[in-house]
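# Remarks on the overall topology
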Amino acid sequence: MSRVYNFSAGPAVLPEDVLRECADEMLDYRGCGMSVMEMSHRSKMYQQIIDEAEADLRNLMAIPDNYKVLFLQGGASQQFTAVPMNLCALPGANGKADYILTGMWAKKAYQEAARFIDAQAVASSADKTFSYIPDCSDLPIREDADYVYICENNTIYGTVYHELPNTKGKILVSDVSSMFLSQPHDVEKYGVIYGGVQKNVGPAGLVISVIREDLIPEGAVDGCPTMLNWRTQADAGSMYNTPNCWAIYVCGKVFKWLLNKGGLAEMAKLNQAKAKVLYDFLDESDLFKGTVRAEDRSLMNVPFVTGDPELDAQFVKESQAAGLENLKGHRSVGGMRASIYNAMPIEGVETLVAFMKDFEAKH
Ligand SMILES: *Cc1c(COP(=O)(O)O)cnc(C)c1O
């Protein structure tokens with residue numbers, strides 16, 4: 001068997017220990033004679049899996065009791081719709097929300113919200129290809145906005161908010177997909193914090209939304225499909241219908257893996273050390289350049305270029321032949337991107353930098 005270093009932005013690398021455990025339990029999960037994929041989601045055995053996953057996640061993120069944890073389908077993209085439909089249906093809501101545009105995912109969320117509510121962009125970094133995070137200390141947030149929305153780590157452009165925006169007292173909603181569980185978050189600062197898990201946590205097809213209880217509508221909402229109403233899944237323990245049993249099971253294992261590693265503060269340290277190896281090299285290289293303003297650099301997604309698209313293409317090809325996979329940048333920006341999520345060992349980043357040095361010496 002030979003495993004590559006996989007720098008994919010998502011679906012992405014998972015911890016080897018977790019994959020091995022899944023393999024060991026594949027045919028016979030803990031003596032029940034079947035795999036997790038084959039068991040009823042209404043069984044005692046499965047209830048234990050989802051309960052343990054939630055308890056471990058609460059422990060990892062220090063989620064306060066007045067927040068619900070929902071395991072949902074439809075990916076992060078479905079929350080783009082669910083966020084306005086739920087938050088603008090609360091008593092006293094005005095049907096208005098302010099969005100900060102820092103990349104493609106923020107923009108998609110904004111465009112989707114604009115189909116249902118009065119959504120307004122209050123800041124954007126589109127003028128410089130989303131290569132920075134705008135100053136969010138004093139934005140023109142509307143007095144009657146129901147919430148302020150951000151995409152906290154921009155997977156495609158490689159930026160991250162090192163400081164949360166001043167929402168002027170409005171509820172903060174954050175898409176943390178590509179930084180989910182890479183560092184601690186102070187959950188109480190958010191009304192809703194959610195992430196598609198296929199970037200930094202688990203297999204595709206699951207989005208986890210952590211939502212303050214008072215932001216979940218009390219009952220059915222006119223015009224909001226049952227499945228998009230957070231109340232539906234909150235009251236059903238995320239099992240109104242069949243959940244993504246397999247993804248929840250694998251995520252549960254990743255939560256335990258993270259707890260065993262010392263939790264999110266420890267992961268943050270490891271991720272900082274890992275990213276430093278790559279950024280330090282980018283800063284000193286004559287050939288490769290990072291594309292993001294230094295103070296806004298993501299620890300998870302690192303885009304870089306040579307400045308010559310043909311040389312970029314050659315780099316991607318040669319790196320792949322050397323066992324460094326998925327370094328091609330997103331089709332909307334070109335160049336390269338190394339996603340160095342929790343499960344990427346520092347050796348992977350060191351191997352990448354060694355390869356880049358070698359490539360630079362040859363060109
Ligand atoms: C990948 C990604 C999404 C979309 O996720 P899906 O689960 O495919 O809908 C949304 N937001 C961010 C930040 C992402 O990285």
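Residues numbered from 1 in each chain as written. Predicted model: local features only at pLDDT ≥ 70, side-chain atom pairs only at ≥ 80, totals over all residues. Heavy atoms only, no water.

### With respect to the overall build of the chain
Scanning the chain from N- to C-terminus turns up 9 helices and 14 strands. By the compact-globule yardstick of 21 Å for 363 residues, the chain fits well, its C-alpha radius of gyration being 21 Å. On the principal axes, the C-alpha backbone points of the chain span a range of 65 × 60 × 30 Å. Residue burial in the chain is summarised as follows: out of 363 residues, 56% are buried. A sequence separation of at least 24 residues applies to 67% of the contacts in the chain between residues at least 6 apart. With an accessible surface of roughly 15,700 Å², the chain has 49% of that area assigned to carbon and sulfur atoms. Charge separation in the chain, taken as the distance between the mean sites of 34 positive and 47 negative side-chain charges, equals 2 Å. (Helix = DSSP H or I, 4+ residues; strand = E, 2+ residues; numbered from the N terminus. Rg over C-alpha atoms; globule rule 2.2 N^0.38 Å. Buried < 20%, exposed > 50% of the residue type's maximum accessible area, 1.4 Å probe, protein only. Contact = heavy atoms within 4.5 Å. Areas by Shrake-Rupley, 256 points an atom, 1.4 Å probe, with all protein chains shown as cover. Lys, Arg positive; Asp, Glu negative; His and termini not counted. Charge placed at Lys NZ, Arg CZ, Asp CG, Glu CD.)

### What to know about the side chain of S339
Structurally, the position occupied by S339 is in strand 14 (residues 336-339). Its relative accessible area of 1% is what places S339 among the buried residues. Setting aside chain neighbours within four positions, we find S339 in contact with N6, F7, S8, A9, M300 and N301.

### Here's the deal with unusual backbone geometry
Backbone torsion omega between G10 and P11 reads -10 degrees, so that peptide bond is classified as cis. At R30, a position not held by glycine, the phi torsion is positive, near 45 degrees. Position of R30 among the secondary structure elements: in the loop between helix 1 (16-24) and helix 2 (44-61).

### Considering the packing of aromatic side chains
In the structure shown here, the tally under the stated rule is 15 aromatic pairs. For the pair Y99 and Y110, a centre-to-centre distance of 5.9 Å together with 50 degrees between the ring planes defines the contact as tilted. Highlighted residues: Y99 in strand 3 (residues 96-101) and Y110 in helix 4 (residues 104-114), separated in sequence by 11 residues. With relative accessibility at 0%, the residue Y99 sits in the buried group. Classification of Y110 by relative accessible area gives partly exposed; the value is 22%. On the numbers, 6.0 Å between centres and 80 degrees between planes, the contact of F304 with F315 is edge-to-face. Placement of the pair is F304 in strand 12 (residues 301-305) and F315 in helix 8 (residues 309-321), with a sequence separation of 11 residues. A relative accessible area of 0% means that F304 is categorised as buried. In this structure an aromatic cluster arises from ring pairing among F281, F288, F304, F315, F355 and F359. The residue whose ring lies beneath K128 is Y132, and the NZ or CZ to ring-centre distance is 5.8 Å. (Phe/Tyr/Trp six-rings, centres within 6.5 Å; stacked < 30°, edge-to-face > 60°. Lys NZ or Arg CZ within 6 Å of the ring centre and 35° of its normal.)

### Here we look at the layout of surface pockets
Taken as a whole, the largest pocket spans an internal volume of roughly 460 Å³. V13, L14, A343, M344 and P345 are, among the 23 residues lining the largest pocket, the residues nearest its centre. Of all elements in the fold, only strand 1 (5-6), helix 1 and helix 7 (264-284) reach the threshold of two or more residues within the lining of the largest pocket. Top contributing element to the lining of the largest pocket by residue count: helix 7, with 5 residues. Empty space within the second largest pocket amounts to approximately 390 Å³. Surrounding the second largest pocket, 23 residues form its lining, V160, Y161, H162, M179 and Q183 being those nearest its centre. (1 Å grid on protein atoms, 1.4 Å probe; cavity = no way out; pocket = protein on both sides within 12 Å on 5 of 7 lines; lining within 4 Å. Points joined across faces, edges and corners; volume = space filled by probe spheres on them.)

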